[in-house]
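Read off the chains here:
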Amino acid sequence: MAIKKNDILYFLLILLILSQFCYPFRDIFPKALTLFCGIIFIFSIFLYEHRNKTFLLLVGFNIFIFLRIIFSGNYSFNYFAPINIGIRFFLLLEGYSIYLFLKRYQNINRKRIKYLMSIIKISLIIDILISFYYINFLSPTLIRNASRYKLLGLGDFELMYALSFCLVAFWAVKEKKKMFFMITFIFFGLIILKSNIVTSCVIYILAILLCIVFNFEKKQKFILLNIGILFLLFFQIIKKILVEILKELSQSDFFYFAMKKKIIAVSNLLQGDFSNIDTLNLRYKLILRSLNTFKENLLLGVNYKEVRAGVIGGHAGWFDLLAQFGIFGCFIIIILLYKIYKEQLDGVRSIKRKNAIKIGWLLFIILGFLNPHLMGAVIYSMFILIPFIF
């Protein structure tokens, strides 16, 4: 009976993974069925994990969110709608449920977990090839504006961010598989650069730097510390060099105009010129919008009846959470995330795998200051790929 249950859950898991990582499948497969598969999966895990306090707290928090949505009467599906808040935390619960299942299942059938990792890899290859075709032969801004178009298999912001987390997972595999890491490093980097999404480039660069730093021995880290000190001492000189490099990059034909504008904006920012920093100023105003809403609703966050454009910025996850849940809600969220992080660390022995988990969570924290970070493919990368790839 247990084997049959596991087989059903494994099949549901394949559908859920395809719905997050394989964009052609994601576009074809009905979203209602994806939601149904997620609910069934979570309920099944609840039967196993009903004594897991972290799982129960996350389930309770999701119920609390959906009750707030129901009582608010605000059932719209626009970008700022409360239902989208609920979906993000449902995905977090779904990801954690999958993590708990795989943690048990790896002792039953390790080979099947290997198949899941292969499905993710193949899905990513398909996504990248299709997205490369679209941006090279149709328009270089398609990924940046994916929500406006109905193109089968077109990648979006979510995929571009998830690729950085996937790269960290591939970095953690055995030495004999380093060739795959190098290939993904090149192709992930190319698609991210061509996507014209600056924040995804920032996260990708940070992922690479963190992998390098965590790979250092103690002596190498000491050398790196000295380099960091020298960097700070000679920052003014280095800044001038960086400005010149950025100016040259802004003239390159490799980047489309949207990316060039961002490069110029960063160059101006380094020079102390705030008059022409493109959307950076707008992003700052959107963060202030969320903070102002938080100040007016300190304890429990904004009334969901009032959630709309102009109330929450929608462009920086952590600040948006403050506005949506207030002090009490964010306190619970921090406890939940910390407990899950500790559980992931305690569940592995390999130092490199532990480092990959740490890097994944560091990127998750940083991403939350740049953009919404509770996204399906990002959560799945953190809960499936990084802890279980081998």
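To be clear, the structure that these remarks concern was listed above.
Just so it is clear, the model here is predicted, and its values are computed rather than measured.

Criteria and thresholds
- Residues numbered from 1 in each chain as written.
- Predicted model: local features only at pLDDT ≥ 70, side-chain atom pairs only at ≥ 80, totals over all residues.
- Heavy atoms only, no water.
- Axes fitted to C-alpha atoms, helices over the stretch in contact; angles between N-to-C directions.
- Helix = DSSP H or I, 4+ residues; strand = E, 2+ residues; numbered from the N terminus.
- Parallel < 35°, antiparallel > 145°, perpendicular 65-115°, else oblique.
- Left-handed = near helix turned anticlockwise from the far one by under 90°.
- Contact = heavy atoms within 4.5 Å.
- Expected span 1.5 Å × (residues − 1).
- Buried < 20%, exposed > 50% of the residue type's maximum accessible area, 1.4 Å probe, protein only.
- Arc of directions from axis to C-beta.
- Salt bridge = Lys/Arg side-chain N within 4 Å of Asp/Glu carboxyl O.
- Polar contact = N/O pair within 3.5 Å; in protein donor to acceptor, adjacent residues only side chain to side chain.
- Core = buried A, V, L, I, M, F, W, Y, C linked by side-chain atoms within 4.5 Å.
- Phe/Tyr/Trp six-rings, centres within 6.5 Å; stacked < 30°, edge-to-face > 60°.
- Lys NZ or Arg CZ within 6 Å of the ring centre and 35° of its normal.

Participant: Explain the packing of helix 7 (residues 157–171) against helix 16 (residues 376–388) to me, and be specific about the residues and the numbers.
Facilitator: Interaxial distance between helix 7 and helix 16 falls to 8 Å at its minimum, and their mutual angle equals 10°. The orientation of helix 7 with respect to helix 16, classified from their angle, is roughly parallel. Remark: the crossing between helix 7 and helix 16 carries right-handed chirality. Mapping the contact onto sequence places Glu158, Tyr161, Ala162, Phe165, Cys166, Val168, Ala169 and Phe170 in helix 7 and Gly376, Ala377, Val378, Ser381, Met382, Leu385 and Ile386 in helix 16.

Participant: How would you explain helix 3 (residues 31–48) if you had to name every residue and give the values?
Facilitator: Because an α-helix completes one turn every 3.6 residues, residues spaced three or four positions apart along the sequence face the same direction. Its 18 residues give helix 3 an end-to-end C-alpha distance of 26 Å, which sits within 8% of 26 Å, the value for a rise of 1.5 Å per residue. Residues of helix 3 that are buried: Thr34, Cys37, Gly38, Phe41, Ile42, Ser44 and Ile45. Projected down its long axis, helix 3 carries its buried residues within an arc of 165°, all on one side. Helix 3 presents Ala32, Phe36, Phe43 and Leu47 as exposed residues on the side facing more than 90 degrees away from its buried surface.

Participant: With reference to specific residues and values, describe the pattern of salt bridges.
Facilitator: Per the stated rule, a full pass over the model turns up four salt bridges. The shortest N-O distance in the salt bridge between Arg112 and Asp7 comes to 2.8 Å. Here Arg112 is found in helix 6 (residues 110–137), whereas its partner Asp7 is found in helix 1 (residues 2–21), with 105 residues between them in sequence. You can call Arg112 partly exposed: its relative accessible area is 23%. Classification of Asp7 as partly exposed rests on a relative accessible area of 31%. We note a salt bridge from Arg26 to Glu158, for which the minimum N-O separation is 3.4 Å.

Participant: Explain helix 8 (residues 178–194) residue by residue, including any values.
Facilitator: An ideal rise of 1.5 Å per residue puts 24 Å on 17 residues; helix 8 measures up with 24 Å between its terminal C-alpha atoms. All buried positions along helix 8 are accounted for by Lys178, Phe181, Thr184, Phe188, Gly189, Ile191 and Ile192. Contact partners of the buried residues in helix 8: helix 6, helix 7, helix 9 (198–215) and helix 15 (351–370).

Participant: Explain the side chain of Glu343 residue by residue, including any values.
Facilitator: Here Glu343 shows up in helix 14 (residues 317–346). A distance of 3.3 Å separates the side chain of Glu343 from the side chain of Lys103, its partner in a polar contact. Residue contacts for Glu343: discarding those within four places in its chain leaves Asn52, Tyr96, Tyr99, Leu100 and Lys103.

Participant: Describe in detail the packing of helix 6 against helix 16, supporting the description with residues and values.
Facilitator: Between two packed helices, the angle of one axis relative to the other and the distance separating the axes together describe the packing. In contact at an axis separation of 11 Å, helix 6 and helix 16 are set at 120° when each is read in the N-to-C sense. One way to sum up the angle between helix 6 and helix 16 is to call them oblique. For helix 6 against helix 16, the interelement crossing comes out left-handed. Contacts from Ile113, Met117 and Ile120 in helix 6 reach Ile384, Leu385 and Phe388 in helix 16.

Participant: How would you explain the nonpolar core if you had to name every residue and give the values?
Facilitator: In terms of nonpolar packing, the biggest core is built from 115 residues, with Phe89 and Phe325 touching the most fellow members. With 13 residues, helix 5 (residues 82–105) is the largest single contributor of residues to this core. Beyond its immediate chain neighbours, meaning those up to four positions away, Phe325 contacts Phe61, Ile65, Arg68, Ile85, Phe89, Leu299, Leu300, Gly301, Tyr304, Cys330 and Ile333.

Participant: How would you summarise the packing of aromatic side chains if you had to cite specific residues and measurements?
Facilitator: Aromatic rings in a pair are described by how distant their centres are and how their planes are angled relative to each other. Tallying each qualifying case throughout the model produces 25 aromatic pairs. Arranged with centres 6.4 Å apart and planes meeting at 40°, the rings of Phe46 and Phe55 form a pair that is tilted. The class of Phe46 is partly exposed, set by a relative accessible area of 31%. Their ring planes at 45° and their centres at 6.5 Å tell us that Tyr338 and Tyr341 sit as a pair that is tilted. Of this pair, Tyr338 and Tyr341 are both found in helix 14, three residues apart, which corresponds to roughly one turn of the helix. Three or more aromatic residues joined by ring pairs form one cluster here, namely Phe46, Phe55, Tyr96, Tyr99, Trp318, Tyr338, Tyr341, Trp361, Phe364, Phe383 and Phe388. Here the basic side chain of Arg68 rests over the ring of Tyr304, its NZ or CZ set 4.0 Å away from the ring centre. Of note, Arg112 hangs over the ring of Tyr10, and the distance from its end group to the ring centre comes to 4.7 Å.

Participant: Explain the environment of Leu67 to me, using residue names and the numbers behind them.
Facilitator: Looking at the element boundaries, Leu67 is found in helix 4 (residues 53–72). Overall, the relative accessible area of 41% leaves Leu67 in the partly exposed class. For the pair Leu67 and Gly86, spaced 19 residues apart in sequence, the C-alpha to C-alpha distance is 9.8 Å.

Participant: Can you lay out the environment of Val198 for me, pointing to particular residues and giving the numbers?
Facilitator: Tracing the sequence through the fold places Val198 in helix 9. Val198 sits 65 residues away from Ile263 along the chain, and the two C-alpha atoms are 8.5 Å apart. Excluding anything up to four places from it in sequence, Val198 contacts Met259 and Lys262.

Participant: Outline the side chain of Thr34, supporting the account with residue identities and numerical values.
Facilitator: Along the chain, the position of Thr34 falls in helix 3. Exposure remark for Thr34: the relative accessible area of 16% places this residue in the buried category. Here Thr34 is in contact with Leu16, Ser19 and Phe29, once residues within four sequence places are set aside.

Limitation: the analysis is restricted to geometry and does not speak to function.
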